[in-house]
Structures are given as structure tokens and as C-alpha cells.
Amino acid sequence: MFEFKGLEFTGERVVPGLVDPNLLNEHLARYRLAARYASDAAVLDAGCGSGYGAGELLCAASVTALDISHDALLHAAASYTRPGLRFAQGSLEALPFADASFDLVLAFEVIEHLEHREEMLREARRVLKPSGMLLVSTPNRNYYTESRGPAGPNPFHTHEYEFDEFRATLEAVFPHVHLWTQNRTEAMVFVPPEASAGILDAPGDGTPGEAHFYLAACGAQPIAKTAAFGWLPRTGNLLREREHHIELLLGEVELKNSFVEELQASQVELMRAQEAVHLELRRSNDWAERLTAEL
């Protein structure tokens, strides 16, 4: 019987607990936006990876989480369970589902990994109901290349997009496309103690070519709910996180200083012991010389 010993962490696939919280939040934010469209819907999470996103869509009527990786699906199925959530293995370029099966298809950070990207888009449109919608995201090639620096191109990516190319690729398959830019930004947030409706003052990004990521809604019908969207995760309080990080660093410095002081004290004791040994050695040598002279 096959024993699953854990999902291998390659550094590319997002696995909660094994990646930086900021990176995880970057990915979770897309699912938070998707939840606006997922209420009571039949959802396909195409390229679900470790399954963390499918587990977020509690408002959906059903979620089918699909991935090509058997190990990823084993990890996801073991980590996330709820009524209406199922996992399936298959290719995004040949989806194993009937026509018009889903209200919403998600393909987050996956199109840049595929050899036949247009096939994935056509397959997504095929399995969508006439009123259904695809949400698809990808990194901005210009920013991503710059951010990787000396590490060079991502070996897991087959193609990366700039803004205009991404739009054109989507519009070749879907008659209606709406794009957002996604950036991690610092903000001032006013939050009441109890949840309530909120207002997001977010001027449009006038330079989409400099954005971190692109996210698009695609459909056969016009796209509703195209307003700006922001999500503040608990770990998104930058000042609190920085203060906490500084506190941890100060604790580490204090611990290292204490360790250095102990080493210095030990060094002093060793030097004293060494001097004592040298003194005793000189006395022994003097005694040996006197004894030799007497003999």
C-alpha cells in the first residue's frame, strides 16, 4: 500500500507552513477575491496544488480541485476536507469534465507553467456554463524577471506575460475580459472591533506594466463586480509584524551577546590555565637543569 510521507517542497509550489507568510498571503488574496463570485457556485480550481485555496472557498456549493500531480493531490486531500470538496487528477489542457459543468473556473499562477496555454483557455470555456466565468492570474514578466535577479529565469515557467500580451491571449478565446493588477502595498486601515461593511479608496493603477501580478475575469457574457478589491490578512499589519520581527532580532542579538560573553570568559579562564601550565613547565625545566648539573 502506498504510504504518503509528505509533499516535496520544491520552492515553487506554495505549501502553507513551508513558505513565507507574505508569499502565502499573496496567493490567498486571489482566492479571497474569487469568493466574491463563488457563492453557491460549482467551482473548478484548476491547478489546485497543495489545496490551500480550495479549502478557502467555503461559500461555494461545490469545489472540484484538479491537479496533474498525484503527490500534491494526496497532500491536499489529507489536509482539507469539507462537504462538497473533491479532488481529481488530470491535465488542464484536456479537462476530464463535461461541457457546461461549472459556474466558476480558477486558474491561479498556472498558465505560465503550461506548454499549450491556449488549449487550457479553450478547455476552461468549454466546461463553463454560458453565464460562467474564468478567473486566471499570472506574474508580470517585467517585474518577475527583475525580482529574480541573479537567480535567472524560473525553470518551472514555460512562458511569462506582459500586460498587453496577456489581455490579447485571453481575448482570443473569451469575448469579455476584465483585468486587475495585483500589488502588495502598504496602507492605513481603520477597522471596527466587530465586522462591518467597508470602503476601499483605491485609485486605478496607471502603470500596469509595473504591477507584480495580473488577474483577469473572462466570460462569454459581460463581467459583473469589477470594483477594486483589497484584503488585509492578520499578518498584513506591517508595523506590528516589523515590531515583532525587530523584537525577535533583538532577542537573538541579546542571546548572541550572552554567548559571546560566555566565550570571552571561557577564553580568559583558558589563558589563565595556559599561563599556569607554562609556569609549571618552566619550573620543571629549571629543576631538570639543576638535576642535570648536579649529576
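Computed from a predicted structure; not experimentally measured.

A few points about the overall build of the chain
Point 1. Along the backbone of the chain there are six helices and seven strands.
Point 2. Ordered by position from N to C terminus, the α and β elements of the chain give α-β-β-α-β-β-α-β-α-α-β-β-α.
Point 3. In terms of overall dimensions, the chain is more spread out than a globule: its C-alpha atoms have a radius of gyration of 30 Å, far above the 19 Å expected for 295 residues.
Point 4. Summarising its shape, the C-alpha atoms of the chain cover approximately 115 × 55 × 40 Å along the three principal directions.

Things to note about the pairing of strand β3 (residues 85-89)
Point 1. In this sheet, β3 lies alongside strand β2 (residues 62-67) in parallel orientation, the contact comprising five bridges. For valine 63, the partnering residue across the bridge sits in β3 and is leucine 85.
Point 2. Handedness of the crossover is the feature at issue here: the chain leaves β2, passes through helix α2 (residues 70-79), returns alongside β3, and the resulting connection is right-handed.

Details of the packing of aromatic side chains
Point 1. Scanning the entire structure with this criterion turns up six aromatic pairs.
Point 2. The interplanar angle of 90° and the centroid separation of 5.2 Å between the aromatic rings of phenylalanine 97 and phenylalanine 102 together place this pair among those described as edge-to-face. Each member of the pair phenylalanine 97 and phenylalanine 102 is classed as buried.
Point 3. With 5.2 Å between their ring centres and 70° between their planes, phenylalanine 163 and tyrosine 214 make a pair best called edge-to-face.

A short note on the sheet that holds β3
Point 1. Read from one edge to the other, the open sheet built from seven strands follows the order β3-β2-β1-β4-β5-β7-β6, with strand pairing classed as mixed. Only two strands of the sheet have a single neighbouring strand rather than two, namely β3 and β6 (176-182). Strand-to-strand twist across the sheet, computed as the mean angle between neighbouring axes with direction ignored, equals 15°.
Point 2. One ladder, built from seven bridges, connects strand β5 (residues 128-139) with strand β7 (residues 213-219); its direction is antiparallel.

Describing the confidence of the model for the chain
Point 1. Here the chain averages 86 in pLDDT, while 90% of its residues score no lower than 70.
Point 2. Residue range residues 1-5 is modelled with pLDDT below 50. Its contacts to residues more than four positions away, or to other chains, number five contacts.

Things to note about helix α3 (residues 117-127)
Point 1. The set of residues buried in α3 consists of Arg117, Met120, Leu121, Glu123, Ala124 and Val127. Looking straight down α3, one finds that the buried residues subtend no more than 165° of arc, so they occupy a single side.
Point 2. Tucked into the core, α3 has its buried residues touching β1 (42-46), β4 (102-108), β5 and α5 (163-171).

Some points on the side chain of glutamate 109
Point 1. Relative to the helices and strands, glutamate 109 is located in the loop between β4 and α3.
Point 2. Among the polar contacts listed, one links the side chain of glutamate 109 to the side chain of serine 137, at a separation of 2.7 Å.
Point 3. If we ignore the near neighbours within four places in the chain, the residues touching glutamate 109 are His27, Arg30, Ser137, Thr138, Pro139 and Phe213.

Notes on the pattern of salt bridges
Point 1. Per the stated rule, a full pass over the model turns up eleven salt bridges.
Point 2. For arginine 122, the salt bridge goes to glutamate 119, with nearest N and O atoms at 2.8 Å. Of the two residues, arginine 122 and glutamate 119 both sit in helix α3, three residues apart, roughly one turn of that helix.

A few points about the nonpolar core
Point 1. Leu44, Val105, Leu134 and Val136 are the most contacted members of the largest nonpolar core, which totals 33 residues.
Point 2. Broken down by secondary-structure element, the contributors of at least two residues to this core are β1, β4, α3, β5, α5, β6 and β7.
Point 3. In contact with leucine 134, other than residues within four places in its own chain, are Val105, Ala107, Leu121, Ala124, Leu128, Phe174, Ala216, Ala217 and Cys218.
Point 4. Grouped together as the second largest cluster of nonpolar side chains are 29 residues, Val19, Val63, Leu85 and Leu104 included.

Rules used in this analysis
Residues numbered from 1 in each chain as written. Predicted model: local features only at pLDDT ≥ 70, side-chain atom pairs only at ≥ 80, totals over all residues. Heavy atoms only, no water. Helix = DSSP H or I, 4+ residues; strand = E, 2+ residues; numbered from the N terminus. Rg over C-alpha atoms; globule rule 2.2 N^0.38 Å. Pairing = 2+ DSSP bridges. Right-handed = clockwise from strand over helix to strand, strands pointing away. Phe/Tyr/Trp six-rings, centres within 6.5 Å; stacked < 30°, edge-to-face > 60°. Buried < 20%, exposed > 50% of the residue type's maximum accessible area, 1.4 Å probe, protein only. Axes fitted to C-alpha atoms, helices over the stretch in contact; angles between N-to-C directions. pLDDT = per-residue confidence, 0-100. Contact = heavy atoms within 4.5 Å. Arc of directions from axis to C-beta. Polar contact = N/O pair within 3.5 Å; in protein donor to acceptor, adjacent residues only side chain to side chain. Salt bridge = Lys/Arg side-chain N within 4 Å of Asp/Glu carboxyl O. Core = buried A, V, L, I, M, F, W, Y, C linked by side-chain atoms within 4.5 Å.

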